[in-house]
Amino acid sequence: MVSGLINANPTVYEKKERRARTGTGPGDVDEYAVEVIDQLEIFDHIRDIKDPEHPYSLEELKVISEEAVEVNDENSHVRVTFTPTVEHCSMATVIGLCLRVKLMRSLPSRYKVDIRVAPGTHATEAAVNKQLNDKERVAAALENPNLVDMVDECLAPSYA
């Protein structure tokens, strides 16, 4: 993780219990049908992403919540709004990049993903939102090996 922490002592919250998905038994699935993606599925994909500065998940730090995920399956659109732990969080763009990369790797390519900082929760909210939703900037960031290593570390599964 990163030295010189911006928020050296974050509040850690309890994780929500995972809910079982209904109707997903072996005989219930039509392998040729288009699967509907919902809010819970998106949240399950991103809830265990680790914070770049701390050994906690974004869910444990309340950076993301199920309520902050919006899905319009009919229009293939997903919006995730995240809340940095402090207003001047220098890792906000890295957190947003981790969210975007995880969803890019997890969702069918037909989905458009918007990643946003919650209004009023970051000092440079507009700049962070612009950077996270600009294809060229995201592509350039993913060409930086150090940044890719940091993202991969945040996305790596933890077995705790």
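Anything mentioned here points back to the structure above.
Residues take numbers from 1 onward in each chain, read along the sequence in its written order. Owing to the predicted nature of the model, reporting of local features is limited to residues with pLDDT of at least 70; listing and counting of side-chain atom pairs is limited to 80 or more, with chain, interface and lining totals taken over all residues. With hydrogens and water excluded, all non-hydrogen atoms of the structure serve as input to the side-chain values.

**Student:** Would you mind showing me how to read the nonpolar core here?
**Tutor:** In summary, soluble globular proteins display a tendency toward joint burial of nonpolar side chains. Within the largest apolar cluster, 36 residues are counted, with the highest numbers of intra-cluster contacts made by I64, V80, F82, L99 and L103. Each helix corresponds to a stretch of at least 4 residues labelled H or I by DSSP, and each strand to a stretch of at least 2 residues labelled E; elements are numbered beginning at the N terminus. At the level of secondary structure, the elements contributing two or more residues to this core comprise α1 (39-46), β2 (77-82), α2 (92-106), β3 (112-117), α3 (125-132), α4 (135-141) and α5 (145-155). Here this core takes 8 residues from α2, the largest share from any one element. With residues up to four places along the chain from it excluded, the contact list for V80 reads I42, I46, I64, A68, V69, L99, L103, D114, I115 and R116. In plain words, nonpolar cores are sets of buried Ala, Val, Leu, Ile, Met, Phe, Trp, Tyr and Cys residues tied together by side-chain atoms within 4.5 Å. Exposure is judged per residue with a 1.4 Å probe applied to protein chains only, and the accessible area is read against the type maximum: over 50% gives exposed, under 20% gives buried, and values in between give partly exposed. Note on contacts: a residue pair is in contact if any heavy atoms of the two residues lie within 4.5 Å.

**Student:** What am I meant to see in the environment of V86 here?
**Tutor:** Tracing the chain through its elements places V86 in the loop between β2 and α2. Overall, V86 belongs to the buried group, its relative accessible area being 17%. As a C-alpha pair, V86 and A123 span 37 residues in sequence and 9.2 Å in three-dimensional space.

**Student:** Looking at this structure, how should I read the pattern of salt bridges?
**Tutor:** Between side chains of opposite charge, pairing is possible as soon as their charged atoms come close. Salt bridges are defined as contacts in which a side-chain nitrogen from Lys or Arg sits within 4 Å of a carboxyl oxygen from Asp or Glu. Enumeration over the complete set of coordinates arrives at 7 salt bridges. One salt bridge in this structure joins D114 and R79, with 3.7 Å as the shortest N-O distance. Of this pair, D114 sits in strand β3 while R79 is found in strand β2, placing the two residues 35 residues apart along the sequence. A relative accessible area of 7% places D114 in the buried class. Judged by relative accessible area, which is 26%, R79 ranks as partly exposed. Where R105 meets D152, a salt bridge forms, and the shortest distance between an N and an O atom there is 3.0 Å. One end of the pair, R105, is in helix α2; the other, D152, is in helix α5, and 47 residues separate them in sequence. Given the relative accessible area of 54%, R105 is considered exposed. Among the residues examined, D152 registers a relative accessible area of 32% and is labelled partly exposed.

**Student:** Mind showing me how you'd approach unusual backbone geometry here?
**Tutor:** In most cases, non-glycine residues show a negative phi, while peptide bonds are predominantly trans. Phi angles above zero are rare outside glycine, and K62 is one such case at about 60°. Note on placement: K62 falls in the loop between α1 and β1 (69-72). For S76, which is not a glycine, the phi torsion comes out positive at approximately 55°. With respect to the helices and strands, the residue S76 is situated in the loop between β1 and β2. On the basis of relative accessible area, S76 is assigned to the buried category, the value being 10%.

**Student:** Teacher, can you tell me more about the pairing of β2 here?
**Tutor:** Successive side chains on a regular strand alternate, one facing one side of the sheet and the next facing the other. Judged from the 4 bridges that link them, β1 and β2 form a sheet pairing that is antiparallel. The partner of E70 across the bridge, within β2, is R79. Each pair of strands is called paired provided DSSP finds at least two bridges between the two strands. Where β1 folds back on β2, the antiparallel hairpin that results is connected by 4 residues, among which S76 adopts a positive phi of roughly 55°. Sheet topology places β2 next to β3; 6 bridges connect them, and they run parallel. Within the sheet, the bridge partner assigned to F82 lies in β3 and is V117. Handedness of the crossover is the feature at issue here: the chain leaves β2, passes through α2, returns alongside β3, and the resulting connection is right-handed. Assignment of crossover handedness uses the view with strands pointing away from the viewer, where a clockwise path from the first strand over the helix to the second indicates a right-handed crossover.

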